[in-house]
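Close look at the chain arrangement
Chain by chain, the residues:
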Amino acid sequence: MNVLVINAGSSSLKYQLINVETQDVLAKGICERVGSHEAFHKHGIDENEVVHDTPMPDHNAAMALVLEALTSGSTKAIDSLDEIDAIGHRVVQGGKYFDRSVLIDDDVIAKIDELAELAPLHNKAALMGIEACKQQMPGKPMVAVFDTSFFQSIPPKAFMYPLPYELYEKHAIRKYGAHGTSHRYISERAAAFMDEPLEDLKLITCHLGNGCSISAIDHGVAVDTSMGLTPLDGLMMGTRCGAVDPAIVPFIMEKENLTTAEVNDLMNKKSGLLGISGISNDLRSVRQASEEGDERAQLAYDMYSNSVKKYIGQYIAVMGGVDAIVLTAGVGENCDKMRRMIFAGLQPLGIKIDLEKNKLRGHEREISTDDSAVRIVVIPTNEEYMIARDTYQLVKEDGMGL
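An account of the accompanying structure is given in this report. Since the structure is predicted, the reported quantities are computational estimates derived from the model, not experimental observations. (Residues numbered from 1 in each chain as written. Predicted model: local features only at pLDDT ≥ 70, side-chain atom pairs only at ≥ 80, totals over all residues. Heavy atoms only, no water.)

Topic: the overall build of the chain
When you go through the chain residue by residue, the secondary structure sums to 15 helices and 14 strands. Relative to its length of 402 residues, the chain is compact, with a C-alpha radius of gyration of 21 Å against a globular reference of 21 Å. C-alpha atoms of the chain, sized along the principal axes, occupy 60 × 55 × 45 Å. Looking at the chain as a whole, 50% of its 402 residues are labelled buried. Restricting the contact set of the chain to residue pairs at least 6 apart, pairs at least 24 apart contribute 61%. Approximately 18600 Å² of the chain is accessible, and the part contributed by carbon and sulfur atoms is 49%. Across the chain, the mean location of the 39 positive side-chain charges is 4 Å away from that of the 58 negative side-chain charges. (Helix = DSSP H or I, 4+ residues; strand = E, 2+ residues; numbered from the N terminus. Rg over C-alpha atoms; globule rule 2.2 N^0.38 Å. Buried < 20%, exposed > 50% of the residue type's maximum accessible area, 1.4 Å probe, protein only. Contact = heavy atoms within 4.5 Å. Areas by Shrake-Rupley, 256 points an atom, 1.4 Å probe, with all protein chains shown as cover. Lys, Arg positive; Asp, Glu negative; His and termini not counted. Charge placed at Lys NZ, Arg CZ, Asp CG, Glu CD.)

Right, here's the structure in full:
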């Protein structure tokens, strides 16, 4: 059965068409700079990818282009839209309402809109993607898969902030996390790779890329995660500062004469690797500069690895031990130097990285030494498949034609 997975951004529309039963990706692509004169559409898999500069005034127009590309031309994947059985949408913020994926109806749409204040760029974009699909494929079953739902199992002692309790009651200020679909996927895959039941394992899962988060998963249940009310909290990231002294915010606002929006922009888009190095938010560029002797680039590199190391230590303490540490995303999967730096000095905790295994590239693999008490596993993430799988299961359970 074919599920169209949609990940809509404020000016983009990313998609994959997946056969859930075979796990084959039939087509994928992205519409970029939607709403601007510089809009373009990438469509196709690997060497078959084609790029077209084409006007897309809004997400509805972008969706029309996507559907046309899926059903016509040299890179078409299906003969008609009838071969799309359902649509799965990535939604970042599900708040307190959604502890699992759900079929989309008017009530779900209203709640996604209500929660937009917690993820204004992401939730509003998801609603644009949902509306575009309703316009282009009316009546087609749709499912919302939330980044936050995996973390609804986190206990109050971990999700509450030590602020006046009334703020939680009035405004639902608490930790929600993000990247939940990725953490769920790599925890399941790591257990399968290790040939152990997930319910028997204590895992620390590390999604390390431009956006970064770490989670503690105790016997299959998330018990803590690094991102907070918003994706800004926790680890140092490509452009996000991560956790900082909260008093820094009013201090900067006063000293630099910044508005709330400006200081929020500074922390989300101008900090992290970019802010410290002054070079890039891309770790590859920062690494190259550091190896050429740039001191700020080296500092940024050191801070990134140290940030991850500290959270690993915290979550070992939270769970009273760990069986495996799992790494994924662009940095976690591909940067041998960063992995080496993260695990340097953790030998007293029974965590030993194999320097030769760490140099290898590929798919699912173990990079810890044979005598390491804690296994270190690299698992390429696949959030799109998880969205497709949840969509298929919910539509099937509801008897909507699958």
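Structure shown, so let's carry the discussion forward.
Here's the deal with the sheet that holds strand E3 (residues 24-32)
On the basis of which strands lie adjacent, the open sheet formed by eight strands has the order E5-E4-E3-E2-E1-E6-E8-E7 and mixed pairing. Where the open sheet ends on each side, the last strands, each with one partner, are strand E5 (50-53) and strand E7 (102-103). Of the strands in this sheet, strand E1 (2-9), strand E2 (12-19), E3 and strand E4 (40-43) touch helix H1 (residues 59-71), which is tilted by about 35 degrees from E2. (Pairing = 2+ DSSP bridges. Axes fitted to C-alpha atoms, helices over the stretch in contact; angles between N-to-C directions.)

Overview of unusual backbone geometry
At His219, a residue that is not glycine, the phi angle is positive and equals roughly 55 degrees. One non-glycine residue, Asn257, adopts positive backbone phi at about 55 degrees. Looking at where Asn257 falls in the secondary structure, it is placed in the loop between helix H7 (248-256) and helix H8 (260-269).

A word on the nonpolar core
Counting residues in hydrophobic clusters, the biggest one holds 42 residues, and the most contacted among them are Ile204, Leu208, Ile312, Ile325 and Phe343. Broken down by secondary-structure element, the contributors of at least two residues to this core are strand E9 (202-208), strand E10 (212-218), helix H10 (283-291), helix H11 (295-319), strand E12 (324-328), helix H13 (336-343) and strand E14 (375-378). Among the elements that take part in this core, H11 stands out by supplying 10 residues, more than any other. Once residues within four sequence positions are removed from consideration, Ile204 is found in contact with Ile214, Ser215, Ile312, Tyr315, Ile316, Met319, Val322, Ala324, Ile325 and Val326. (Core = buried A, V, L, I, M, F, W, Y, C linked by side-chain atoms within 4.5 Å.)

Focus on a negative patch on the surface
Side chains of Asp195, Glu196, Glu199, Asp200 and Asp323 sit close together on the surface and give a patch of like negative charge. Mapped onto the elements, Glu199 comes out in the loop between helix H6 (180-194) and E9. For Glu199, a relative accessible area of 51% gives the class exposed. (Patch = residues over 30% accessible without salt bridge, like charges linked within 9 Å, V, L, I, M, F, W, Y side chains within 5 Å. Salt bridge = Lys/Arg side-chain N within 4 Å of Asp/Glu carboxyl O.)

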